Amino acid sequence: QVQLVESGGGLVQAGGSLRLSCAASGRTFSSYAMGWFRQAPGKEREFVAVISWRGGSTYYADSVKGRFTISRDNAKNTVYLQMNSLKPEDTAVYYCAADERVGARQDEYDYWGQGTQVTVSS
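Calculation notes
Residues numbered from 1 in each chain as written. Predicted model: local features only at pLDDT ≥ 70, side-chain atom pairs only at ≥ 80, totals over all residues. Heavy atoms only, no water. Helix = DSSP H or I, 4+ residues; strand = E, 2+ residues; numbered from the N terminus. Rg over C-alpha atoms; globule rule 2.2 N^0.38 Å. Buried < 20%, exposed > 50% of the residue type's maximum accessible area, 1.4 Å probe, protein only. Contact = heavy atoms within 4.5 Å. Areas by Shrake-Rupley, 256 points an atom, 1.4 Å probe, with all protein chains shown as cover. Lys, Arg positive; Asp, Glu negative; His and termini not counted. Charge placed at Lys NZ, Arg CZ, Asp CG, Glu CD. Pairing = 2+ DSSP bridges. Axes fitted to C-alpha atoms, helices over the stretch in contact; angles between N-to-C directions. Salt bridge = Lys/Arg side-chain N within 4 Å of Asp/Glu carboxyl O.

Asker: How would you explain the overall build of the protein if you had to name every residue and give the values?
Answerer: The helix and strand tally for the protein stands at zero helices and 11 strands. Starting at the N terminus and walking to the C terminus, you meet the elements of the protein as β-β-β-β-β-β-β-β-β-β-β. A compact globule built from 122 residues would reach a C-alpha radius of gyration of about 14 Å, and the protein, at 13 Å, matches this within 12%. Dimensions of the protein, computed from the C-alpha atoms along their principal axes, are close to 40 × 25 × 25 Å. Per-residue burial over the protein gives 44% buried out of 122 residues. A separation of at least 24 residues holds for 57% of the contacts in the protein among residues at least 6 apart in sequence. Taken as a whole, the protein presents about 6,400 Å² of accessible surface, with 44% of it coming from carbon and sulfur. The protein carries 13 positive and 12 negative side-chain charges, and their two centres are separated by 6 Å.

Asker: A description of the sheet that holds strand 3 (residues 18-25) should follow, citing residues and the corresponding values.
Answerer: The strand order across the open sheet formed by four strands is 1-3-8-7, and the pairing between neighbours is antiparallel. Where the open sheet ends on each side, the last strands, each with one partner, are strand 1 (3-7) and strand 7 (68-73). Adjacent strand axes in the sheet meet at a mean angle of 15°, parallel and antiparallel pairs treated alike. Taken together, the six bridges between strand 7 and strand 8 (residues 78-83) define a ladder with antiparallel strand orientation.

Asker: Could you give an account of the environment of Pro 41, with specific residues and numbers?
Answerer: Considering the arrangement of structural elements, one finds Pro 41 in the loop between strand 4 (33-39) and strand 5 (46-51). For the pair Pro 41 and Ala 92, spaced 51 residues apart in sequence, the C-alpha to C-alpha distance is 6.8 Å.

Asker: Lay out unusual backbone geometry with the relevant residues and their values.
Answerer: Although it is not a glycine, Asn 77 adopts a positive phi angle of roughly 55°. Of note, Asn 77 is situated in the loop between strand 7 and strand 8. The backbone phi angle of Ser 85 is positive, close to 50°, even though this residue is not glycine. Along the chain, Ser 85 falls in the loop between strand 8 and strand 9 (92-99). Assessed through its relative accessible area of 41%, Ser 85 is described here as partly exposed.

Asker: Which residues make up the pattern of salt bridges, and what values go with them?
Answerer: Side-chain pairs of opposite charge can arise where the charged atoms are in close proximity. Evaluation of the coordinates by the stated rule reveals seven salt bridges. Linking Glu 108 and Arg 101 is a salt bridge whose minimum nitrogen-to-oxygen distance equals 3.8 Å. Residue Glu 108 is classed as partly exposed on the basis of its relative accessible area of 23%. The network of salt bridges with common partners includes Arg 38, Glu 46, Arg 67 and Asp 90.

Scope: geometric values only; no functional claims are made or implied.
See below:
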């Protein structure tokens, strides 16, 4: 079992930066690939980024590539999402999720956090 708690969301102006954190409980955090997803108002939840269990592989949605960076610290049971050059269209609730395999399909993820709101003003 893995429990996930996101933090770090907030209100930021366009062009600004935020770093989201996702703290995991459980002794098997390092066995899971960790993903970030987001859901904007009136839209379906979508994939943002994923990192493999050791951090050696990362994948990003085209919409955030070059602006967002996913990383993890297995000693701290935490995964991060550094978001730079934020745009109003990045406004969404951001969720972290855990899965045994690296992937972008949210239906494959076993564990989810409660989400953290990110609002980017123009």
